[in-house]
Amino acid sequence: MSSNRLERLADVLVGYCTRVRTGDLVCVDTGPAAASLVEAVWRRVLEAGGHPHLRLDVDGAPDLLLRDGTDEQLTWVSPVRRSEVERADVRIAIYADVNTRANGGVDPERQARLERSHDPIRRTHLARVGSGDLRGVVTLYPTQAAAQDADMSLPEYEDFVFRAGLLDHEDPRGEWEALGRAYGRLAGQLGQSAELRIVGEGTDLTLGVEGRTWVPSDGRENFPDGEVFTGPIETSVDGTISFTYPSSFAGRRISGVQLEFRGGEVVRSDAVEGEAFLRQMLALDEGARRAGEFAFGLNEAVTEFTGHTLFDEKIGGTVHLALGASYPETGGQVQSALHWDLVCDLRNGSEVYADGELVYRDGRFLNGVV
Amino acid sequence: MTDPRIERLAGLLADYSLELREGNVLRIDSLDAGSPLVLALYGAALRVGALPYTNVSLSGLGEILFQYGSDEQLTYLSPIQWEEIEQLDALATIWSETNTRALSRVDSTRHAAYIAAQRKLSNRRWERISNGEMGWCGTLYPTNAHAQEAEMSLAEYEDFVYAACHVHEEDPAAHWRAVSSELKARAAELGAVRELRILGPDTDVRLGVEGRSWLAADGRYNLPDGEVFTSPLETETEGEIRYTFPAVYHGREVEDVRLRFEGGHVVAAEAVRGDDYLQSLLDMDAGSRVLGEVAFGLNYEIDRFTRNILFDEKIGGTMHLALGSGFPQSGGQNTSGLHWDMICDLRREGEVYADGELIWKNGQFLAEPALEVVESGQGQGLPSG
């Protein structure tokens, strides 16, 4: 990315998303490919009075562990990871994969064990974010690998990422703040509903959301952003949902996923591609068969599928449902080592009813709030 | 294709230097330029059942810290860093710069403040290393920047580095085990010496070493390695020494250093270039004018000066006498914020007398060490060959 773009992105990450203040310990978690963004972030963090701390995975090391590690090695959580999640005031995680499919040949059960062993870290992270002790943002630095997944050249992909973050606007922070206010109004309205029903091709799903909090996602925890999400009532999800887009999880691609829920639990699952991996993940633990999150994607600058959840789940006119862990701030109670977002496109002939009333059609809310 | 020498260096680090065992927590420190060796060591550690993780930084972040950081930020040590040290069973440091002079223009006061802060961490690290609570080894992954310092192409420099580590051979551990026996035998012999006199070009210096232990640097703490060293008696150094190689401290060079010692202290010092820097380092603290180390460089694969102390201090046929902190494990008592290795080339003209007897001439000990001393004294077998 050009240095101008990097500076704009770093400015938003440090000044808007995580609001770094004097004395903050800022953990930056990424790969070597993001070096130029890390440098820009370093400057901003230092200017803001923070203390930057780097956690860098060498490309290839996680793959070696997954492929060759013994059980003990695979499930070992480095003490520094624990220190970081407990001590950091801010965490800036930057995806910078140089090969998004490096783990394609790994036994899914090994992946599952690794995920489970890191669950305590994830819980601490979520709890500290939920209570406001930790400001954490996840973003992506455009690499050739991510561009390849999106079927784009790197310059095309850089443009896409830049626009998705509204960084091409004069005042990106102001844009996100304005969107945040609109999302907040939507969240307030959704918070008055007891039940949602999603109807589309291959999809007819009802979810209970009474008493749950809808969270407007305005670029503080994900960047780019653009969604409102909640945690549905754990026993209330019933019906079938078909996911339009292929999904990548832990370096694997799964497509044509259809899930049937009864009493909040997945009772049937199908996939065109990667079905064995899907089943393995559903069996990860108690919570992995439940919907920990349900959300509306609202980012109008993200219109096409690019193969990365950070962007796909934000596509304006989609909803996504996550198998596994809830975000505590929604009131959701699902606990799991899994959090796997699956995206359903509602832009073509789909409808959403709130307590029986049609509120959303063809990817848009009818009241025009967003 | 991966250079097989990288794999062998990684194996040597894991098996010989660090002696990694199942369940050992290993942190691998490096800059991103060292990634190939980081990855190879990570793999070697996995194979022996250890628990490795990488602590890799990016070239360039140090400069940014100096440019943008306040004094408080520059000297900040995080609780994460403190907690981390206590958890390690082993630490590997892989030096791998992409620009060895990136900090040349940094304000020296700020640089000193940064180093002083980092020393708090490294002191605790050294405490754990010397207590035997954790292992450490430092090595280098060849980059163009290091090659440039050495005035070589990268390919030439790789050959130089890997030959110095003996990983151009199939079984480098066997080589280092043999070196270890030889160096330990040499150290045991030197342990009986009361006074050393070093004669060379513009050099005639006497050092008291009675009662001090000589230690063998045999590839446990450094790769490459190859020296025997001790800390001389603090009040007995007398005479003059001229350092023929440039003396480098934190990337800054001082050329043609001459020192005169009286009663253990430097009483006169001059340099052709960098004299101000030399004088400021000598004035650092009470211990910075006293020798903390005297050593023989004995790695004869290292046959030239490359502006990197990891190699230079081991050049076969040189001696180095370091100003500043001594080694408690040798009996050294000098404490200082400084430890500045300066190297004296004795390969062309040089003689060393031990209690009046000539033991070293033109860069070579005159006699092989008697290995049986080691065998009876420390219970080690003879090296093969």
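Residues numbered from 1 in each chain as written. Chains lettered and ligands numbered in written order. Predicted model: local features only at pLDDT ≥ 70, side-chain atom pairs only at ≥ 80, totals over all residues.

### Remarks on the overall build of chain A
Then, number 1: Each helix and strand in chain A was counted, giving 12 helices and 19 strands.
Then, number 2: Rg of the C-alpha trace for chain A: 20 Å, near the compact-globule value of 21 Å for 370 residues, within the 12% margin.
Then, number 3: Along the longest, intermediate and shortest principal axes, the C-alpha atoms of chain A span 50 × 50 × 40 Å.
Then, number 4: Looking at chain A residue by residue over its 370 residues, the buried ones come to 48%.
Then, number 5: Considering only residue pairs separated by 6 or more positions, chain A has 70% of its internal contacts joining residues 24 or more positions apart. (Helix = DSSP H or I, 4+ residues; strand = E, 2+ residues; numbered from the N terminus. Rg over C-alpha atoms; globule rule 2.2 N^0.38 Å. Buried ≥ 20, exposed ≤ 12 C-beta atoms within 10 Å, placed from the backbone. Contact = placed C-beta atoms within 7 Å.)

### Structural notes on the overall build of chain B
Then, number 1: Counting its regular elements, chain B contains 12 helices and 19 strands.
Then, number 2: In terms of C-alpha radius of gyration, chain B reaches 20 Å, essentially the compact-globule figure of 21 Å for 385 residues.
Then, number 3: Its C-alpha atoms give chain B principal-axis dimensions of roughly 55 × 50 × 40 Å.
Then, number 4: Across chain B, every contact between residues at least 6 apart in sequence was considered, and the portion connecting residues at least 24 apart equals 69%.

### Overview of the nonpolar core
Then, number 1: Counting residues in hydrophobic clusters, the biggest one holds 205 residues, and the most contacted among them are Leu13(A), Val41(A), Leu13(B), Leu26(B), Leu41(B), Ala92(B) and Val228(B).
Then, number 2: Among the elements that line this core, the one with the most residues is helix α2 (residues 35-47) of chain B, at 9 residues. (Core = buried A, V, L, I, M, F, W, Y, C linked by C-beta atoms within 7 Å.)

### Quick word on the interface of chain A and chain B
Then, number 1: Counting residues at the interface gives 30 residues for chain A, matched by 28 residues for chain B.
Then, number 2: Top contributing element to the side of chain A that touches chain B by residue count: helix α2 (residues 35-47) of chain A, with 7 residues.
Then, number 3: Of the residues that constitute the side of chain A that touches chain B, the class distribution is 15 nonpolar, 8 polar and 7 charged. (Nonpolar A, V, L, I, M, F, W, Y, C, P; charged D, E, K, R; others polar.)

### A closer look at the domain arrangement of chain B
Residues and elements named next belong to chain B.
Then, number 1: Splitting chain B by domain gives domain 1 (4-170) and domain 2 (175-378).
Then, number 2: Taking only C-alpha atoms, the centre of domain 1 and the centre of domain 2 are 24 Å apart.
Then, number 3: If you list the elements that add at least two residues to the side of domain 1 that touches domain 2, you get α1 (4-17), α6 (108-130), β4 (135-140), α7 (144-149) and α8 (154-164). (Domains from an automatic or database assignment.)

### So, helix α10 (residues 172-190) of chain A
Residues and elements named next belong to chain A.
Then, number 1: Here α10 contains 19 residues, and its C-alpha end-to-end distance of 26 Å stays within 8% of the 27 Å for a straight helix at 1.5 Å per residue.
Then, number 2: Within α10, burial applies to Pro172, Trp176, Leu179, Tyr183 and Leu190. Take α10 and look down its axis: the buried residues cluster within an arc of 65°, on one side only. Turned more than 90 degrees off the buried face of α10, the exposed positions are Gly174 and Arg181.
Then, number 3: Along its buried surface, α10 packs onto α1 (3-17), β7 (215-217) and β8 (227-230). (Expected span 1.5 Å × (residues − 1). Arc of directions from axis to C-beta.)

### Overview of the sheet that holds strand β16 (residues 339-345) of chain B
All names here are of chain B.
Then, number 1: Taken in spatial order, the 5 strands make up an open sheet running β7-β8-β14-β15-β16, and their pairing is antiparallel. In this open sheet, the two strands that pair with only one neighbour each are β7 (215-217) and β16. Going across the sheet, the axis of each strand differs from the next one's by a mean of 25°, ignoring polarity.
Then, number 2: Sheet topology places strand β14 (residues 291-297) next to strand β15 (residues 318-324); 6 bridges connect them, and they run antiparallel. Paired with alanine 295 across the two strands is histidine 320, which belongs to β15. (Pairing = 2+ DSSP bridges. Axes fitted to C-alpha atoms, helices over the stretch in contact; angles between N-to-C directions.)

### Observations concerning the domain arrangement of chain A
Residues and elements named next belong to chain A.
Then, number 1: Examined at the domain level, chain A breaks down into domain 1 (3-141) and domain 2 (172-365).
Then, number 2: Taking only C-alpha atoms, the centre of domain 1 and the centre of domain 2 are 24 Å apart.
Then, number 3: When residues of the side of domain 1 that touches domain 2 are traced back to their parent elements, those giving at least two are α1, α6 (108-117), α7 (119-130) and β4 (135-140).
Then, number 4: Of the residues contributing to the side of domain 1 that touches domain 2, the split by class is 13 nonpolar, 8 polar and 7 charged.

### Describing the pairing of β14(B)
Residue and element names in this part refer to chain B.
Then, number 1: Within β14, 7 of the 7 residues are buried, which leaves it mostly tucked inside the rest of the structure.
Then, number 2: Of the pairings in the sheet, the one linking strand β8 (residues 227-230) to β14 comprises 4 bridges and is antiparallel in character. Paired with phenylalanine 229 across the two strands is alanine 295, which belongs to β14.

### Section: the sheet that holds β4(A)
Residues and elements named next belong to chain A.
Then, number 1: The parallel open sheet is built from 4 strands, whose spatial order is β2-β1-β3-β4. Only two strands of the sheet have a single partner each, and these edge strands are β2 (51-56) and β4. Strand-to-strand twist across the sheet, computed as the mean angle between neighbouring axes with direction ignored, equals 15°.
Then, number 2: Two strands pair when backbone bridges link them, and strand β3 (residues 90-95) and β4 are joined in this way by 6 bridges, in the parallel orientation. Its bridge partner lying in β4, valine 90 is registered against arginine 135.

### A short note on the confidence of the model for chain B
Residues and elements named next belong to chain B.
Then, number 1: Model confidence for chain B is summarised by a mean pLDDT of 93, while 96% of its residues fall at 70 or above.
Then, number 2: Below pLDDT 50 for its whole length, residues 373-385 participates in 23 contacts with residues either more than four positions away or in separate chains.
Then, number 3: The ipTM value of the predicted complex is 0.88, and its pTM value is 0.90. (pLDDT = per-residue confidence, 0-100.)

### Side note on the pairing of strand β14 (residues 291-297) of chain A
Residues and elements named next belong to chain A.
Then, number 1: Burial analysis of β14 places 7 of its 7 residues in the buried class, the great majority of the element.
Then, number 2: As paired elements, β8 and β14 share 4 bridges and run antiparallel to each other. Note on β14: the bridge partner recorded for threonine 230 is phenylalanine 294.

### Considerations on unusual backbone geometry
Then, number 1: Of note, the bond from Phe223(A) into Pro224(A) is cis; its omega dihedral lies within 30 degrees of zero at 0°.
Then, number 2: Structurally, Pro224(A) can be placed in the loop between β7 and β8.
Then, number 3: Not every positive phi belongs to a glycine, and Glu151(B) is a case in point at roughly 55°.
Then, number 4: The exposed category is assigned to Glu151(B), around which 12 C-beta atoms lie within 10 Å.

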